[in-house]
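Analysis of the macromolecular model
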Amino acid sequence: MFDSNHFHFFQTLILIATIGAAIGFLGRLNLFVLGMLSFYIFGVSEGIGIFNHYLSLPTQVIIAISMVPGSMKLSIDYILLSFYYKQKNKALNFSDNPKWGFNFILTLVAITYFTSGISKLRYGHGINWLDGSTLGFYLNERTDLYKKGDVQIIIGDSNIKEEEKWKDKFGFIGHTYANYQTNPKLLAISDYIASNKLLLIALSVGSVLFELLAFIVFIDSKYRNIYLISAIMFHPSIGALMGISFRQYRLICLCLIDWKLILNYIENNLYVCKLLNIKNL
């Protein structure tokens with residue numbers, strides 16, 4: 001069990017592991033400890049029905065980074081190992097990292113988005129999720145109208161038929177764990193979208209298709225960049241409408257972009273422009 005008596009112990013452990021992971025001192029061990037702490041602490045909250053899934057992907061990525069080759073290139077551990085091997089007249093070479101480590105993390109990202117799309121269809125009564133009513137429900141919610149610390153309000157209907165119930169015995173039809181946006185202008189936009197059936201359907205279909213197409217990141221670097229940049233843009237739009245930023249997801253996607261391809265594209269276009277200018281002269 002996790003209770004208030006354990007707070008300072010876990011707080012200290014998280015602080016030590018975070019600092020160690022950040023500077024790369026016993027980096028792999030500290031990353032693994034952080035990942036397992038995240039699984040445990042947020043697992044406890046999920047056990048009582050609070051699903052902070054915005055940390056599910058970062059937790060998996062942290063554990064993956066603790067194991068894949070090359071993740072400790074910039075670390076105190078690497079400096080100490082280099083010094084040790086130098087004393088032994090041996091070379092420590094991290095220049096050629098196997099690509100499976102990168103692909104493993106990319107797979108975690110693809111699975112996360114893909115299963116999110118599957119979940120919508122699975123628990124949204126198949127394609128019925130695409131009618132926009134679920135999205136409209138969340139956009140219309142106002143979680144921040146309740147005082148901080150108030151319990152989550154669950155709305156149920158005892159008259160719902162047994163075959164129409166979700167995964168509960170209360171006839172769950174809604175809850176206030178949804179919209180955290182407090183900006184009046186952005187709330188007005190979300191209200192407008194929630195009142196426009198065609199727009200809700202378009203956004204619902206678009207979001208599910210986007211998530212189900214996650215594995216296109218493995219076609220080539222071009223498609224990977226298109227998908228990851230789209231994901232980075234996708235989350236701020238959710239954040240604007242619902243106050244949920246998913247900044248951790250955006251940072252992971254940013255790190256997985258093939259920046260070399262982008263820089264080469266820019267360089268080639270600049271070179272073409274230069275040639276055209278010379279030709280015009």
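Preceding this paragraph is the structure being described.
As the structure is a computational prediction, the values presented were derived from the model and not from experiment.

Topic: the packing of helix 9 (residues 221-242) against helix 10 (residues 247-256)
Think of two packed helices as two axes; the pair is described by the angle between the axes and how far apart they sit. Here helix 9 crosses helix 10 at 160°, and the two axes come no closer than 9 Å. As far as their axial angle goes, helix 10 and helix 9 are roughly antiparallel. Relative to helix 10, helix 9 is oriented so that their crossing is left-handed. Where helix 9 approaches helix 10, its residues R224, L228, A231, I232, H235 and P236 are matched on the opposing element by Y249, R250, C253, L254 and L256. Split by residue class, the contact of helix 9 with helix 10 holds 8 nonpolar, 1 polar and 2 charged.

Description of helix 9
An α-helical turn contains 3.6 residues, so a residue and the one three or four places further along point in the same direction. If you check helix 9, its first and last C-alpha atoms are 31 Å apart, about what 22 residues at 1.5 Å a residue would give, namely 32 Å. Among all positions of helix 9, only R224, N225, Y227, L228, A231, H235, G239, L241 and M242 are buried. With its phi angle positive at about 75°, G243 sits one or two positions after the end of helix 9.

Remarks on unusual backbone geometry
Phi is positive for L26, which is not a glycine, with a value near 50°. With respect to the helices and strands, the residue L26 is situated in the loop between helix 1 (7-23) and helix 2 (27-47). Classification of L26 as partly exposed rests on a relative accessible area of 46%.

Some thoughts on the layout of surface pockets
The space that makes up the second largest pocket amounts to roughly 600 Å³. Taken together, 21 residues make up the lining of the second largest pocket; nearest its centre are V61, I65, I105, C255 and L256. Secondary structure elements with two or more residues in the lining of the second largest pocket: helix 3 (56-65), helix 5 (100-123), helix 9 and helix 10. Among the elements that line the lining of the second largest pocket, the one with the most residues is helix 10, at 5 residues. When the residues that make up the lining of the second largest pocket are grouped by side-chain class, the tally is 13 nonpolar, 5 polar and 3 charged.

Here's the deal with a nonpolar patch on the surface
A contiguous nonpolar patch, built from L15, I19, I23, F25, L26, L29, I76 and L80 and spanning about 730 Å² of accessible area, is present on the exposed surface. Broken down by secondary-structure element, the contributors of at least two residues to the nonpolar patch are helix 1 and helix 4 (76-87). Of all the elements, helix 1 adds the most residues to the nonpolar patch, at 3 residues. Among the structural elements, L29 can be located in helix 2.

Conventions adopted
Throughout this description, residue numbers start from 1 for each chain and increase along the sequence as written. Predicted model: local features are reported for residues with pLDDT of at least 70 only, side-chain atom pairs are reported and counted for 80 or more only, and whole-chain, interface and lining totals are derived from all residues. Side-chain numbers here rest on the full set of heavy atoms in the structure, without hydrogens or water. Axis definition: a line fitted to C-alpha atoms, over the contacting stretch in the case of helices. Angles run 0 to 180 degrees between N-to-C directions. Secondary structure elements are defined from DSSP: runs of H or I of at least 4 residues count as helices, runs of E of at least 2 residues count as strands, and each element is numbered from the N terminus. Just so you know how the angles are binned, under 35 degrees is roughly parallel, over 145 roughly antiparallel, 65 to 115 roughly perpendicular, and the rest oblique. Rotating anticlockwise by less than a right angle from the far helix to the near helix defines a left-handed crossing, while the corresponding clockwise rotation defines a right-handed one. In what follows, a contact means two residues having at least one pair of non-hydrogen atoms within 4.5 Å. Gly is put with the polar residues, along with every residue not named as nonpolar or charged; the nonpolar set is Ala, Val, Leu, Ile, Met, Phe, Trp, Tyr, Cys and Pro, and the charged set is Asp, Glu, Lys and Arg. Multiplying one less than the number of residues by 1.5 Å gives the expected span of a helix. Exposed residues in this analysis have more than 50% of their type's maximum accessible area, buried residues have under 20%, and partly exposed residues fall in between, with area computed by a 1.4 Å probe over protein chains only. We place a 1 Å grid over just the protein atoms. Points where a 1.4 Å probe fits but has no way out form a cavity, open points with protein on both sides within 12 Å along at least 5 of 7 lines form a pocket, and any residue with an atom within 4 Å of a point lines it. Grid points are joined across faces, edges and corners, and a volume is the space filled by probe spheres set on the points. For patches, a residue must show more than 30% relative accessible area and have no salt bridge; joins then use 9 Å for like charges and 5 Å for nonpolar side chains, namely Val, Leu, Ile, Met, Phe, Trp and Tyr. Surface accessibility follows the Shrake-Rupley procedure with a 1.4 Å probe radius. Residue values consider only the protein chains on display as shielding. By definition, a salt bridge exists where a carboxyl oxygen of Asp or Glu is found within 4 Å of a side-chain nitrogen of Lys or Arg.

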